[in-house]
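Descriptive analysis of the structure
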Amino acid sequence: MAAPLRRSAICPKLIGRDAYLDSIAHVLGQTRQAHGHTLLLAGEAGIGKSRLVAEIKASIHQDTILVLQGNCFEPDRTLPYGPLIDALRALLTVVSPASLTRDIGPYAAEMVRLLPELAAYLRDAATGPTLAPEQEKRRLFEALTHLLTQISARQPIMLVAEDIHWADNTSLEYLAYLARRIPRLPILLLLTYRSDEQHPPLRHFLAQLDRERLATEIALTPLAPSEVEEMLDTIFQLRRPVRREFLDAMCDLTEGNPFFIEEVLHALLADNEIFYRDGGWERKPLHDLHIPRSVQDAVRRRAEHLSPAAQRVMAFASVVGLRFDFALLQHVMGYDEATLLALLKELIAAQLVVEQSAEHFAFRHALTRKAIYAELLERERRMIHREIVAAIETLYADELESHVSELAYHTCQAGDWERVLEYARRAGEHALALYAPHAALEEFLRALEAAAHLGVPVAPGIYRSRANAYETLGDFEGARRDLETALRLAYETEDAETEWETLLDLGLLWAGRDYTRSGAYLQQALTLVNAFESPLKRARTLNRLGNWHLNVDEPLTAKTCHREALAIFEAADDKQGVARTLDLLCMTSVLSNDLSAGVTYGKRAAEMLRALDDRQTLSSTLETLPFAAALRQSQTMTLTQTTLGEATHQSEEGLRIAREMGWRVGEASALWVLGLCSCASGEFGRAHNSAIAALAIAEEIEHRQWTTASRYTLGELAYELYALALAHEHLERGLEMARTTGSWHWIRILSALLAETCMAQGDLATAEAVLNAGVPPGTATETVGQRLAWVARGELALAQGSPVIALDIAQRLGSEGSSDDPPLVALLGGRALAALGRFDEAETWLCAAEVTLRAQGAKTSLRRVLMEIATLYHLMGRAEDAARYASETHSLIHRLAETIPDAVLRAVFMRQALASLPSRTADGVKMLRAASDILTAREREVAALVAQGKSNRAIADELVVSERTTESHITNILGKLGFTSRAQIAAWAVDIGLAQLQTIVLAPRSPRVSTRRARP
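This structure is a prediction, so every number in the text was calculated from the model and none was measured. (Residues numbered from 1 in each chain as written. Predicted model: local features only at pLDDT ≥ 70, side-chain atom pairs only at ≥ 80, totals over all residues. Heavy atoms only, no water.)

1. Observations regarding the overall build of the protein
The helix and strand tally for the protein stands at 48 helices and eleven strands. Burial analysis of the protein (1016 residues in total) assigns 56% to the buried set. Summed over all atoms, the accessible surface of the protein reaches about 42700 Å², with 51% contributed by carbon and sulfur. (Helix = DSSP H or I, 4+ residues; strand = E, 2+ residues; numbered from the N terminus. Buried < 20%, exposed > 50% of the residue type's maximum accessible area, 1.4 Å probe, protein only. Areas by Shrake-Rupley, 256 points an atom, 1.4 Å probe, with all protein chains shown as cover.)

2. Remarks on the nonpolar core
Counting residues in each nonpolar core, the largest one holds 110 residues, and the members touching the most others are Leu232, Leu265, Phe324, Leu329, Leu344, Leu347 and Leu352. Setting aside residues no more than four positions away along its own chain, Leu344 makes contact with Val313, Phe324, Phe326, Leu329 and Phe361. (Core = buried A, V, L, I, M, F, W, Y, C linked by side-chain atoms within 4.5 Å. Contact = heavy atoms within 4.5 Å.)

3. Some points on the side chain of Thr498
By secondary structure assignment, the location of Thr498 is in helix α23 (residues 496–511). Note on Thr498: relative accessible area 12%, which makes it buried.

4. Considerations on the pairing of strand β11 (residues 360–363)
Pairing between strand β9 (residues 323–325) and β11: three bridges, direction antiparallel. Residue pairing across strands places Arg323 opposite Ala362, the latter belonging to β11. Note that strand β10 (residues 353–355) and β11 share three bridges and pair antiparallel. Of the residues in β11, the one forming a bridge with Glu355 is Phe361. (Pairing = 2+ DSSP bridges.)

5. Some points on the packing of aromatic side chains
Summed over all chains, the structure comprises 16 aromatic pairs. For the pair Phe259 and Phe260, a centre-to-centre distance of 6.1 Å together with 50 degrees between the ring planes defines the contact as tilted. Its relative accessible area of 33% is what places Phe259 among the partly exposed residues. By relative accessible area, Phe260 is classed as buried at 10%. The interplanar angle of 40 degrees and the centroid separation of 6.4 Å between the aromatic rings of Phe326 and Phe361 together place this pair among those described as tilted. Placement of the pair is Phe326 in helix α14 (residues 326–333) and Phe361 in strand β11, with a sequence separation of 35 residues. Residue Phe326 shares its accessibility class with Phe361, and that shared class is buried. Through a chain of ring-to-ring contacts, the aromatic side chains of Tyr81, Phe141, Tyr174 and Tyr177 assemble into a single cluster. Above the face of the Phe476 ring, Arg513 is positioned so that its terminal group lies 3.9 Å from the ring centre. When the ring centre of Trp790 is taken as origin, the NZ or CZ atom of Arg793, which lies over that ring, is 5.9 Å away. (Phe/Tyr/Trp six-rings, centres within 6.5 Å; stacked < 30°, edge-to-face > 60°. Lys NZ or Arg CZ within 6 Å of the ring centre and 35° of its normal.)

6. Overview of the environment of Pro186
Looking at where Pro186 falls in the secondary structure, it is placed in the loop between α7 (169–181) and β5 (187–194). Between the C-alpha atoms of Pro186 and Leu148, which are 38 residues apart in sequence, the distance is 9.8 Å. Ignoring any residue separated from it by four or fewer positions in sequence, one finds Pro186 in contact with Thr31, Ala34, Ser152, Pro156 and Ile157.

7. Description of the pattern of salt bridges
Inspection of every chain in the model, using the stated rule, returns 51 salt bridges. Measuring nitrogen to oxygen at the nearest pair gives 3.5 Å for the salt bridge that ties Glu492 to Arg488. In this pair, Glu492 and Arg488 both sit in helix α22 (residues 476–492), four residues apart, roughly one turn of the helix. Under the relative-accessibility criterion, Arg488 is labelled partly exposed at 43%. The residue Glu729 makes a salt bridge to Arg733 at a minimum N-O spacing of 3.6 Å. With Glu729 and Arg733 both in helix α34 (residues 724–741), this residue pair falls four residues apart, about one helical turn. A network of salt bridges, in which partner residues are shared, links Arg610, Arg615, Glu653, Arg656 and Glu660. (Salt bridge = Lys/Arg side-chain N within 4 Å of Asp/Glu carboxyl O.)

8. Thoughts on unusual backbone geometry
Of note in this structure, Asp163 is not a glycine but carries a positive phi near 60 degrees. Relative to the helices and strands, Asp163 is located in the loop between β4 (157–162) and α7.

9. Remarks on the sheet that holds strand β2 (residues 37–43)
Pairing within the open sheet is parallel, and its five strands lie in the order β3-β4-β5-β2-β6. Every interior strand has two partners, whereas the edge strands, β3 (66–71) and β6 (215–219), have only one. Averaged over all pairs of adjacent strands, the angle between their axes in this sheet comes to 20 degrees, without regard to strand direction. Together, β2, β4 and β5 form the strand contacts of α7, whose direction differs from that of β5 by roughly 145 degrees. (Axes fitted to C-alpha atoms, helices over the stretch in contact; angles between N-to-C directions.)

10. Quick look at the packing of helix α35 (residues 744–760) against helix α36 (residues 764–774)
Closest axis-to-axis distance for the α35/α36 pair is 8 Å, and the angle between their directions is 170 degrees. As far as their axial angle goes, α36 and α35 are roughly antiparallel. Note on element contacts: α36 touches α35 through Leu764, Thr766, Ala767, Val770, Leu771, Ala773 and Gly774, opposite Trp744, Ile747, Arg748, Ser751, Ala752, Leu754, Ala755, Cys758 and Met759. Partitioning the contact of α35 with α36 into residue classes produces twelve nonpolar, three polar and one charged. (Parallel < 35°, antiparallel > 145°, perpendicular 65-115°, else oblique. Nonpolar A, V, L, I, M, F, W, Y, C, P; charged D, E, K, R; others polar.)

11. Points about the side chain of His410
Here His410 lies in helix α18 (residues 404–414). A residue is classified by how much of its surface remains accessible, and His410, at 2% relative accessible area, is buried. At 2.9 Å, the side chain of His410 forms a polar contact with the side chain of His385. Apart from residues no more than four positions distant in its own chain, His410 is found in contact with Val319, Val320, His385, Ile388, Val389 and Ile392. (Polar contact = N/O pair within 3.5 Å; in protein donor to acceptor, adjacent residues only side chain to side chain.)

12. A few points about helix α38 (residues 803–812)
Those residues of α38 that fall on the buried side of the exposure criterion are Pro803, Ala806, Leu807, Ile809 and Ala810. Along the axis of α38, the buried residues cluster in a sector spanning 160 degrees; they form a single face. One or two positions beyond α38, positive phi appears at Gly814, with a value near 110 degrees. (Arc of directions from axis to C-beta.)

13. Looking at helix α41 (residues 859–875)
Over its 17 residues, α41 extends 24 Å from the first C-alpha to the last, a length consistent with the 24 Å expected when each residue adds 1.5 Å. Of all 17 residues that make up α41, twelve are buried, and the element is covered over most of its length. Regarding α41, the residues found buried are Thr860, Ser861, Leu862, Arg863, Arg864, Val865, Leu866, Met867, Ile869, Ala870, Leu872 and Tyr873. Following α41 by one or two positions, Gly877 adopts a phi angle in the positive range, close to 80 degrees. (Expected span 1.5 Å × (residues − 1).)

14. What about the confidence of the model for the protein?
Here the protein shows a mean pLDDT of 84. Residues at 70 or above account for 88%. Scored below 50 in pLDDT, residues 632–640 makes 48 contacts in the model with residues more than four places away or belonging to other chains. (pLDDT = per-residue confidence, 0-100.)

15. Concerning the sheet that holds β9
Across the sheet, which stays open at both edges, the three strands sit in the order β9-β11-β10 with antiparallel pairing between neighbours. Both outer strands of the open sheet, β9 and β10, are each paired with one neighbouring strand and no more. Each strand axis lies, on average, 30 degrees off the axis of its neighbour in the sheet, ignoring direction. Packed on one face of the sheet, α14 meets β9 and β11 and runs near 70 degrees to β9.

16. As for the packing of helix α32 (residues 684–700) against helix α33 (residues 704–720)
Packing of α32 against α33 leaves a shortest axis separation of 8 Å and a crossing angle of 155 degrees. In this view, α32 runs roughly antiparallel relative to α33, as classed from their interaxial angle. Here the hand of the crossing between α32 and α33 comes out left-handed. Every residue of α33 that contacts α32 at Phe684, Ala687, His688, Ala691, Ile692, Ala694, Leu695, Ala698 and Glu699 is listed here: Trp706, Thr707, Ser710, Arg711, Thr713, Leu714, Leu717 and Glu720. (Left-handed = near helix turned anticlockwise from the far one by under 90°.)

Right, dumping it as structure tokens:
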């Protein structure tokens, strides 16, 4: 049951302002050194200036810096020295009377005139001679400055004056006077003002500071969407990410203004319009929200001084929308150009409207426009909306298609339901074509509302189109409901073509959740399409069915379907059909262990899709080869010339396209593929961030396929980092979901890695049971999943002491010890040969894998191969070669560790990886120690201290030499040993016994679904 959130809407911590805080902290540090400064904090109302000041004050201990604050208020424009009087009163609470008397000195009379209550503290406050006004003002300026100077001699001061856009002229004049005098005093003058409320005296004051280079201005900017999301998470302490549509609506409505965000949330909470259910947000549509009273009041106060004509223009403009065209407004209102310009200038001066270009204007804030619109009577709004519709149809008669969204909105608000039905349908289709699914949903909702008002049947195509938008956004239930409705309507109206199209859509939709239901819908579509005698429709159906066969691990049937479809599309010269079929053939070939054909298909598909501007299919195509190149032990296939760097670039482009389209399913897909690429190339931190983001999106939109894939990616990463319990958890959960969807592709891939994880944990019985369940003995070796499972069976045979079986598996998977072999199959074969004592053959196989992995940039797998080669050379008695490979592996381990942000995982990885090195054997250590003979005694001392993690300065201090001498020693060590980093020196020193192994903890890096197809 939903329950209203009983929670404050005030964010308990400051979000998105760290850079500003750092800048101000730097200036405060200079202030303590008697380098005074003037800082201006500028920004629109509600942007967070006061909150930032409060955060600064909270970070300052009053014993180190004295904080004095004065505030300006709107009535203070006629009150001289308003903020300074505030500051003096604050001073009275922290300074003793005796100290105050000494600090004021000869200026007692002047200070009492300014603040009469000071007379109780000052005995010598007799009234002085009457001076001319200008002289008296000058004397008072001197008095205030003298007081601040005396106090700052004992303790630095931060003098804060907030909202100086409301300050009187005299206060501004004094602040300029003070700013000239503090550069050599320990005084920080911190002033805040609204950049959108600059009256002439304030503009003059700011110009003075600029001209004389007296101040530094910090302009606060609105929060970025990610920061708005963090703010919402913090306020409501959510377990799941904020839903994208809610976040987008909040960003659009508040434009990243923190105060507006809190006010909107407060209104939602007060009206019980926001709920927390099952770890997610439930709410009413934001466009039904009552405008917060604070915003209404601010707009009303700004508008009350406008002329009646300007208020009328403001009202008409609010009906047009957040942004409005000059020509449209002029046509509706009938003003000549000069008159309308004058009225718009009045609105701009009142800070209600801004000019965007000569033809376009906009309200300063979305909430400003909504507050003005809310003041109009319902009948008044409808009348203006009708006038706007007539104006658009007249002004843009020759280009009406580009204005259908505006027409749908205004006809809806005017209650003209017949025209709403037509305009909204067209606007929805237009939005889908522009990859704007949120806008499409809104338009189709209007169309359905219009049909309900008119009492007319709804065309099933509208439901299909809306389902398309839902699917793009990852809303499975919304898409399912609309497609089932469309299917029922098509059947009832005997619309066989729409029925067939909807069956295809349902088949694709269920592919992300349940392949049994997906296949049933696709078989119905194939049966129906055979009655059409339409080759092109049959080709489309075959493509859908082929992709389904691939996902249930029937690649030969999949290829047959796609090749028949390709022949039909090519015969009809249907370029889009050809391109999309090539994309599917690319995936089918890749997962069928035919990467050469996959690359050929993929390149042709990408080229055609770019020319056709089919961005959604292109995004999917760009993920296929990266997936093949990055999958752990995808090196069970013969690799192509695609390097992991190129694969990463492709997946990044696919991710960018998916995000530009708002395609949540595609975004999740691209992220987990990017995570695999990063893991394979040894960028572990980036791999983790990408996979976590993919999992968050997949779980949010409840896409089981990509949840499975994200779990696999995280499991692979954890396996490589020796976090075996974590890997086991991710892989088991992924395997459970793969079984739920019926995806044998993922069942086999996950079973393979889970079995290897069990082996690494020493549980061979469970590993064998997992493999027997996922890939029973006798399974073919055609697909990636099958080959991965057979490699795992080979590893199990080795672990069980049966290298002959392991070698037989490697040979059946295609390894012959040549550079064309799949590298990790060659690794399996090399290990089996070494276990059989056939060292020379093992060397050939392992070195072939090394060559390929180096060319690919696959550092993660390369580390394992280098380690096996080092071990092999040790067994062969080639100690020097063993030491060389061990040293390179050592260096690579350190470089990989640098990419792990989590300190605990980094330490586990370092400990486990280093413990596997054969350089610690007697012969290996002997060779490493021999290398030390070329170092001087002092150089060996330096190497030992490097291994202890000491810096150059610390080494210099311990050896009583200069830091430059230490640097020279380290340069000599690197050159003599052929090393390139301090990490290699440290590893070498540990290996030969010069130093004990230190746990190296590195600082973490700053982290800071149309025609679609299901992808494995």
